[in-house]
Amino acid sequence: MKKLLFLFAFLSVFAFGQGHYFGFNGGYTYSSANILSGTSGEMDPQHLYFGELNYQYFPEKWFYFNIGLRYDRKGFGLNNEPILINANDATANSDTTGNYSYDFHKVGVPIKVGFRLGGKFFFVMAAGLIPSYSIINRADWTPNLQGNGIEASSWDNWTNIKNFELAWIGEIGIGGQLGENVLLTFTAGYSQSLTKHLLPMQTIENGTPTEGYRTARFKGIHGAIGLSFRLHKKIKKKQLEKYSPSTN
């Protein structure tokens, strides 16, 4: 009988004690990219947004695992970039420049490991990976000089497009408990793609406008507010003592 009571108490602590949380967070993204090849233009970061549903499990009060479902808007612009002209196996810049705009809507599954230090008010930090998939891709190019026979271009999909992306993310922040079963957090983070992407650019080959490609990795700075709700109400210490095995 004592063994059964002890097992019940142990399972109660595991299921209700440290906590299983379901929540959401989201906010602002300062979205940009590292251009690895194919540009001499001016980077134009975009002010975008993201949102995330997540589940957190705390095997210890100070340590947790996080998995979620995330919508992420990514993109950036390149301004005043010369057109590349390819002729007779030679490449040169023309006098005409253009502005590029790249826009991506992504759905991903963030997987993070985090630490929470403190009590009612606490400090958090976390790191992990976000595998994601692009559901919408768009690129636009607009020439700055008109009347030279070169028209604006846009692409919804392009050759060698890579919809899958794997990015790493790191976060730090502060938070507080709203009662015993709700957590409020404010976090700042940075993410960068580990995968390379080919993005279209405008070139002219032997007098004919055609697609060229540049190589880039996405990156971004994030600011978010989040709320998490305990899936089971916290059992008070007196309630657990009620089921503890007798010492007699």
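Residues numbered from 1 in each chain as written. Predicted model: local features only at pLDDT ≥ 70, side-chain atom pairs only at ≥ 80, totals over all residues. Heavy atoms only, no water.

### Description of the pattern of salt bridges
How we decide: Salt bridge, as used here, is a side-chain nitrogen of Lys or Arg placed within 4 Å of a carboxyl oxygen of Asp or Glu. The numbering of helices and of strands both runs from the N terminus, where a helix is a DSSP run of H or I of at least 4 residues and a strand a run of E of at least 2. Three labels apply to residues, based on accessible area from a 1.4 Å probe with only protein chains included: buried if under 20% of the type maximum, exposed if over 50%, partly exposed otherwise in between.
Per the stated rule, a full pass over the model turns up ten salt bridges. Between Arg 70 and Glu 52 there is a salt bridge, with the nearest N and O atoms lying 3.1 Å from each other. One end of the pair, Arg 70, is in strand β3 (residues 63-87); the other, Glu 52, is in strand β2 (residues 42-60), and 18 residues separate them in sequence. We note that Arg 70, like Glu 52, is buried.

### Notes on the confidence of the model for the protein chain
Let me state the cut-off plainly: The score called pLDDT rates the predictor's confidence residue by residue, from a low of 0 to a high of 100. Residues are treated as being in contact if the distance between any of their heavy atoms lies within 4.5 Å.
On average, residues of the protein chain score 84 in pLDDT, and 81% of them are at 70 or above. pLDDT under 50 marks residues 1-17. Its contacts with residues more than four places away, or in other chains, come to 21 contacts.

### Details of the side chain of Ser 134
To be explicit about the condition: Under the rule applied, a polar contact is a pair of N or O atoms within 3.5 Å (in protein, one hydrogen donor and one hydrogen acceptor; residues adjacent in sequence only if both atoms are side-chain atoms).
Tracing the sequence through the fold places Ser 134 in strand β6 (residues 121-143). Judged by relative accessible area, Ser 134 falls into the buried class, the value being 5%. At 2.6 Å, the side chain of Ser 134 forms a polar contact with the side chain of Lys 106. A polar side-chain atom of Ser 134 sits 3.4 Å from a polar atom in the side chain of Asn 137. Residues contacting Ser 134, with those up to four places away along its chain left out, are Phe 104, His 105, Lys 106 and Asn 163.

### Details of the pairing of β2
Applicable threshold: DSSP-based pairing: two strands are paired if at least 2 bridges between them are found.
Relative to β2, strand β1 (residues 20-37) is paired through twelve bridges, and the arrangement is antiparallel. Its bridge partner being in β2, Tyr 30 is matched across the sheet by His 47. Between the end of β1 and the start of β2, which pair antiparallel, lie four residues, with Gly 38 showing a positive phi angle near 90 degrees.

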